[in-house]
Amino acid sequence: MNRTEILNRFRPGRENLLMILNELQNNSPEHFISDEDMREVAHYLNIPLSSVFGVVTYYSMLSRIPRGKYIIRVCRSPVCEMTGSEGILEELQRILNIRPGETTADKLFTLETTECLGRCNESPGMIINEEFYGKLGSDDPGKIIDHLKSGIR
Amino acid sequence: MISEKRIILKNAGRINPGKIEDYIAAGGYRSAGIALEKDETEIIDIVIRSRLRGRGGAGFTTGLKMKYTNQSGIISPGRYLICNADEGEPGTFKDRAIMENDPHLLIEGMIIAAYSIKASKAYIYLRGEYFRSNELLSGAIRQAKEHEFLGRNIFGTGYSLDIEIKTGAGSYLCGEELTLIESLEGKRGYPRIKPPFPTEKGLFGDPTLVYNVETLSNLPLIIEHGAEYFSSIGTADSAGTKIITISGDVINPGYFEVEMGVTLRDIIFELAGGIPDGRNFKAALLGGASGTFIDSTALGTPLGYDSLKSIGAVLGSGAIMVMNDQRDILKMTHSILKFFGHESCGKCVPCRIGNSVLTDGMEDIIKRRDKSRYNLDLLIYEADYMSKTSLCPLGQSPVLPLKSLKRYFEKEFRFDIK
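These figures come from a predicted structure and were not determined experimentally.

**Student:** Teacher, can you tell me more about the overall build of chain A here?
**Tutor:** Summing up its helical and strand segments, chain A has 7 helices and 4 strands in all. Taken along the three principal axes of its C-alpha coordinates, chain A extends 50 × 30 × 25 Å. By residue count, 54% of the 153 residues in chain A fall in the buried class. For chain A, the exposed surface amounts to about 7,300 Å²; the carbon and sulfur share of it is 46%. Counting 18 positive and 22 negative side-chain charges, chain A places the centres of these two groups 2 Å from one another.

**Student:** Can you help me understand the overall build of chain B in this one?
**Tutor:** Broken down by element type, chain B carries 17 helices and 10 strands. A compact globule built from 418 residues would reach a C-alpha radius of gyration of about 22 Å, and chain B, at 22 Å, matches this within 12%. In terms of overall dimensions, chain B has C-alpha extents of about 75 × 50 × 35 Å along its principal axes. Among the 418 residues that make up chain B, the fraction classed as buried is 63%.

**Student:** Would you explain the pairing of strand S7 (residues 254-259) of chain B in this entry?
**Tutor:** Each regular strand carries side chains that alternate between the two faces of the sheet. Bridge count for strand S6 (residues 241-248) of chain B against S7(B) is 6 bridges, and the pairing is antiparallel. If you follow B:Ile244 over to S7(B), its bridge partner there is B:Phe256.

**Student:** Please explain the sheet that holds S7(B) as it appears in this structure.
**Tutor:** Sheet strands pair via backbone hydrogen bonds, and the direction of the pair is either parallel or antiparallel. Residue and element names in this part refer to chain B. Pairing within the open sheet is mixed, and its 5 strands lie in the order S7-S6-S10-S8-S9. With partners counted over all chains shown, the strands left at the sheet margins are S7 and strand S9 (292-294), one partner each. The average angle at which neighbouring strand axes cross in this sheet is 30°, direction not considered. Across 3 bridges, strand S8 (residues 281-286) lies against S9 in antiparallel orientation. Note on S9: the bridge partner recorded for Leu285 is Phe293. Contacting S6 and S7, helix H5 (residues 94-101) crosses the sheet at an angle of about 110° to S6.

**Student:** Even after reading the chapter, I still don't get the side chain of B:Ser50, so can you show me in this structure?
**Tutor:** Residues and elements named next belong to chain B. One can find Ser50 in helix H3 (residues 40-50). Its relative accessible area of 0% is what places Ser50 among the buried residues. Side-chain polar atoms of Ser50 contact the backbone oxygen of Val47, separated by 2.6 Å.

**Student:** When you look at the interface of chain A and chain B in this model, what are you seeing that I'm missing?
**Tutor:** A common way to report how large an interface is uses the accessible area buried once the components associate. Taken together, the 34 residues of chain A in the interface contact 49 residues of chain B. For the pair chain A and chain B, the summed buried area comes to about 3,200 Å², and 58% of that belongs to carbon and sulfur atoms. A per-residue breakdown of the area chain A buries against chain B is headed by A:Tyr58, A:Pro78 and A:Met82, which together make up 22% of the total. Residue A:Glu81 pairs with B:Lys338 through a salt bridge whose shortest N-O separation is 3.1 Å. If you look at where chain A meets chain B, you find 19 residue pairs in polar contact (both at pLDDT 80 or more). Within the residue set of the side of chain A that touches chain B, elements represented by two or more residues are helix H2 (17-27), helix H4 (49-58) and helix H5 (78-82) of chain A. Of the residues contributing to the side of chain A that touches chain B, the split by class is 15 nonpolar, 11 polar and 8 charged.

**Student:** Explain the nonpolar core to me, please; I cannot follow it from the model alone.
**Tutor:** Most often, soluble globular proteins keep nonpolar side chains buried together rather than apart. The biggest cluster of nonpolar side chains holds 169 residues, and the ones touching the most others in it are B:Ile107, B:Ile124, B:Ile294 and B:Ile320. At 9 residues, helix H6 (residues 103-116) of chain B tops the list of elements feeding residues into this core. A:Ile72, A:Leu92, A:Met126 and A:Leu148 belong to the second-largest nonpolar core, a separate cluster that totals 17 residues.

So, how was this worked out
- Residues numbered from 1 in each chain as written.
- Chains lettered and ligands numbered in written order.
- Predicted model: local features only at pLDDT ≥ 70, side-chain atom pairs only at ≥ 80, totals over all residues.
- Heavy atoms only, no water.
- Helix = DSSP H or I, 4+ residues; strand = E, 2+ residues; numbered from the N terminus.
- Buried < 20%, exposed > 50% of the residue type's maximum accessible area, 1.4 Å probe, protein only.
- Areas by Shrake-Rupley, 256 points an atom, 1.4 Å probe, with all protein chains shown as cover.
- Lys, Arg positive; Asp, Glu negative; His and termini not counted.
- Charge placed at Lys NZ, Arg CZ, Asp CG, Glu CD.
- Rg over C-alpha atoms; globule rule 2.2 N^0.38 Å.
- Pairing = 2+ DSSP bridges.
- Axes fitted to C-alpha atoms, helices over the stretch in contact; angles between N-to-C directions.
- Contact = heavy atoms within 4.5 Å.
- Polar contact = N/O pair within 3.5 Å; in protein donor to acceptor, adjacent residues only side chain to side chain.
- Buried area = accessible area lost by both parts, 1.4 Å probe.
- Salt bridge = Lys/Arg side-chain N within 4 Å of Asp/Glu carboxyl O.
- Nonpolar A, V, L, I, M, F, W, Y, C, P; charged D, E, K, R; others polar.
- Core = buried A, V, L, I, M, F, W, Y, C linked by side-chain atoms within 4.5 Å.

This is the structure:
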């Protein structure tokens, strides 16, 4: 679905801004919202570009920069932090050789942190795109990355 | 040996949440049918008499919110019901438990609540990270429409209701009702000053009823079985059940629906199996990050809004995070303060800068101990100041865990004693 098709699915009211942005991002191969996207949305909704920019930069799940095929989001909230999320994040940084906020050179993985995912009984946890991985041990990041690289999932 | 009392989660694990036929066969949508035969003032009266209190964390009397919204709407024709499904309090996943196990229960609860204020449009504001809930709720709404439980002329009564899901995109603050409304209106999630409350001036300036998922999920059983039935469950200050979510150092982390009045000991040591690996209980954080710590002296306290308040604790969302005797209270405190720092929207100077001060101060206490410029009393002073000068519950929250630490864990902050 291209941008115009996505926009036309929504009535041009400001209350649809966040839904439109979510849809545009979900449909973008690089999981981001481009400057051109923002201009088109502002025009469609008849609101200032700054308003669209303001919303895109406020919400943590929205990105203005291109991201990888797999977006890894490691929870760093109190329960997960207590049960070992720091170690998981460090392991991922080591394996992928990137820091939070960065994308691997082959554009496969983006590493991010997130706050509580509501899966605290399976901590420490992370989501990769829409999949949740919980009760992570030190071996798990490596296994999961390998699985994804080899395209098993 | 205590057990769960599943009146909300009665269908969990017993029906296919993706099939409305299962829900109907289990007695579903009967309650909505009963409600739509009544006058809306009768519904409001029943909910008030049931003594149900808000399950999002504030514990406000549910029926009164309905009443105020109903009364406000006399002037303005637009009224909305919003289901707050932006569950984000650390340690909390009870709403996810409801939405993933029995999404139709929420839909039915929304029909009853929307009808009580004669709203023809309702929204579910669902956090962006709850993908499975989104799938199930979308399916449930579609099925409900097909069965004419939603749409025009429901049950032939002339009442019409449309429910729409709007997803968030990663903001804890959007779980606060006025900030949620800002987000729904397509803006950055900044809180508004209250009053005016949403019941008077909410979505698009119209009277709006905002209810938590668990609160709404209690409505069908209240309408079907009556106010007296619900009121007879629980305690004098807290009627009904509560879905507790327990995590951390317990053998069986997860969600449990218990009658109000069971003790914290019952929940932690019986239902959740106690502390694993032969360790001992040290502390529990009740109510998430905007919650309170308790020690073992408080384990005999019955679950309830006022009973917990009387020991300097909060029920909040119903989250319980357990810490064993090896865990570091100072590190956990730092964790909580970092959370608030990350989620602060930045609108109010006291919250924006205050959270920074608290987080850095706590880090300094951990690093430099008795040589630190900071101490618990200073942090409390700062947090107290923030709570009086911040617009929304986020800036008003850090003082809660900090004050509870003073009450129960002051020794952890005294390095001369060690």
